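# Structure at a glance
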Amino acid sequence: MTIWKKSTAVLLTAMMSASLLGGCGTKSDSAGNVTASNTNTASTSTEPVVINFHYGGSLNVKNLWEALVPKFEEKNPGIKVKQTYLPPGQAASPIVDRLIAAKKSGQSTVDIDLFEGGLGEITAGEKEGIWEKLNDSQIPNLSKVDQKFLQQIQYQGVPYRASSVVLAYNSEKVANPPKTAEELYTWIRQNPGRFAYNDPATGGSGNSFVVTAIYNFLEPDAITSNDPAVMTKWDKGFSLLKELGPYMYGKGIYPKKNQGTLDLLASGEVDMIPAWSDMALEQINKKLLPETTKLAQIEPSFTGGPAYMLVPAMSAKKEATQKFLDFLLTPEAQEVVVNTMYGYPGIKWEEMPTSLQEQFASVANGYRQFSGGDLEKEMNKRWQKEVAGAK
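Residues numbered from 1 in each chain as written. Predicted model: local features only at pLDDT ≥ 70, side-chain atom pairs only at ≥ 80, totals over all residues. Heavy atoms only, no water.

### Brief notes about the overall build of the protein chain
- On a plain count of helices and strands, the protein chain comes out with 14 helices and 10 strands.
- Put simply, the protein chain has 391 residues, and 49% of those count as buried.
- Surface accessibility of the protein chain: about 18,500 Å² in total, with carbon and sulfur atoms responsible for 53%. (Helix = DSSP H or I, 4+ residues; strand = E, 2+ residues; numbered from the N terminus. Buried < 20%, exposed > 50% of the residue type's maximum accessible area, 1.4 Å probe, protein only. Areas by Shrake-Rupley, 256 points an atom, 1.4 Å probe, with all protein chains shown as cover.)

### Observations regarding the packing of aromatic side chains
- Summed over all chains, the structure comprises 22 aromatic pairs.
- Ring centres 4.9 Å apart and planes at 85° place the aromatic pair Phe53 and Trp65 in the edge-to-face group. With a gap of 12 residues between them, Phe53 in strand 3 (residues 49–56) and Trp65 in helix 2 (residues 59–75) connect regions that are remote in the sequence. By the burial criterion, Phe53 is buried, and Trp65 matches it.
- Consider the rings of Phe72 and Phe327, whose centres lie 5.6 Å apart with planes at 50°: the pair is tilted. (Phe/Tyr/Trp six-rings, centres within 6.5 Å; stacked < 30°, edge-to-face > 60°.)

### A word on the environment of Gln107
- Tracing the backbone shows Gln107 in the loop between helix 3 (93–104) and strand 5 (114–117).
- Separated by 207 residues in sequence, Gln107 and Met314 place their C-alpha atoms 8.2 Å apart.
- Not counting chain neighbours up to four residues away, the residues in contact with Gln107 comprise Ala102 and Met314. (Contact = heavy atoms within 4.5 Å.)

### Focus: the pattern of salt bridges
- This structure, assessed with the given rule, holds 15 salt bridges.
- We note a salt bridge from Lys381 to Glu378, for which the minimum N-O separation is 3.5 Å. Note that Lys381 and Glu378 are positioned in helix 14 (residues 375–386) at a spacing of three residues, about one turn of the helix.
- Close ionic contact of Glu386 with Arg382 constitutes a salt bridge, the shortest N to O distance being 2.9 Å. Placement of the pair is Glu386 and Arg382 together in helix 14, with a separation of four residues, close to one helical turn.
- Its relative accessible area of 21% is what places Arg382 among the partly exposed residues. (Salt bridge = Lys/Arg side-chain N within 4 Å of Asp/Glu carboxyl O.)

### Things to note about empty space enclosed by the protein
- For the structure on display, the rule yields two cavities of 30 Å³ or more.
- The volume enclosed by the second largest cavity comes to roughly 30 Å³.
- Forming the walls of the second largest cavity are Arg161, Ala162, Ser163, Asp278, Met341 and Gly343.
- No other element matches strand 6 (residues 158–170), which puts three residues into the lining of the second largest cavity.
- In the lining of the second largest cavity, the residues fall into two nonpolar, two polar and two charged. (1 Å grid on protein atoms, 1.4 Å probe; cavity = no way out; pocket = protein on both sides within 12 Å on 5 of 7 lines; lining within 4 Å. Points joined across faces, edges and corners; volume = space filled by probe spheres on them. Nonpolar A, V, L, I, M, F, W, Y, C, P; charged D, E, K, R; others polar.)

### Let's talk about the nonpolar core
- Trp65, Leu68, Val158, Tyr160, Met309, Phe324 and Leu325 are the most contacted members of the largest nonpolar core, which has 59 residues in total.
- Here this core takes six residues from helix 2, the largest share from any one element. (Core = buried A, V, L, I, M, F, W, Y, C linked by side-chain atoms within 4.5 Å.)

### A closer look at unusual backbone geometry
- A cis geometry characterises the amide bond from Glu299 onward to Pro300, with omega recorded as -10°.
- Examined against the element boundaries, Pro300 turns out to sit in the loop between strand 8 (293–296) and strand 9 (304–310).
- Notably, Gln154 is not glycine yet its phi reads approximately 50°, a positive angle.
- Looking at where Gln154 falls in the secondary structure, it is placed in the loop between helix 5 (147–152) and strand 6.
- Located in the positive-phi region is Lys257, a residue other than glycine, with phi close to 70°.

Purely spatial values, then, with no claim about function.
Here's what the structure looks like:
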């Protein structure tokens, strides 16, 4: 009788232990989304921790992650990164809406562990507190990032790459490119029809030209304000843009999208345009722009900004995600970012190889960030009415 009781107790103890161990690790819900019952990358389960990573953008963004993720997984065999790519046209805002809805409904976890977004997504989720605040005790390589970019977003993300708008010009036709905004406007007047910028509502390079013309008349901190009162100070900038209109390509033709102006430069129809640094460098490298194309930044600079990696606060995979983000900020991974995207690294330039620093010397002189939020829509409306509609 005693032996039977003792054996039964041992068996029950073993069964309970197995049940507890089976509750750790990962599992899939009815939609196939992987969730976790704890936050540890080190699990008693032999199954790897799966990070659900959502991102969007052009094909080059997809190519970047398809190059970087296998490198990370090779170094971290206990972690897998499940990629969900949102092609152009599929807005990121539904992701933010899902996270906000999940928090408001009282959910404790979500099936999104990592999201690539911009300043707009950070701002949209900030009030509801959906983004995890990060630090270099979790992600040691975060110390390699310029702290001002982290402070601007209250440490709610990792700025892992960046680009800015610069002047792209035909050096055969433009021996001495403008160095300041005033010199640029003088050049435009002296060379009618040889400059173009795209409709600001259709691409960031044209938008940056418009923002620069308007906010150069305002106090420096106005460019980061979303106070509607700022709009009352836009008059001088719009007067300048309207005055420059007849000197533009076609006496006031504004191409659609960033590529529209790049095509005009490539065909020789214009000699100078504002362009995204990464797009211009990529097209120079691929011979889509003439070898005579050069890039330069002006003072005050055009605008630009980082792309951010964001961690939902309700993710159950934070430790694994932090490992991935720390890898992303290594010089090895950042070289892949620069060489694939032709963008600026997320870490400081001095952390990168000298050869890359020299390659980007002409454009890596900093940039300003415009974070006016809904003011951008009002700016585009007014531009359409007073500038594009002035012909």
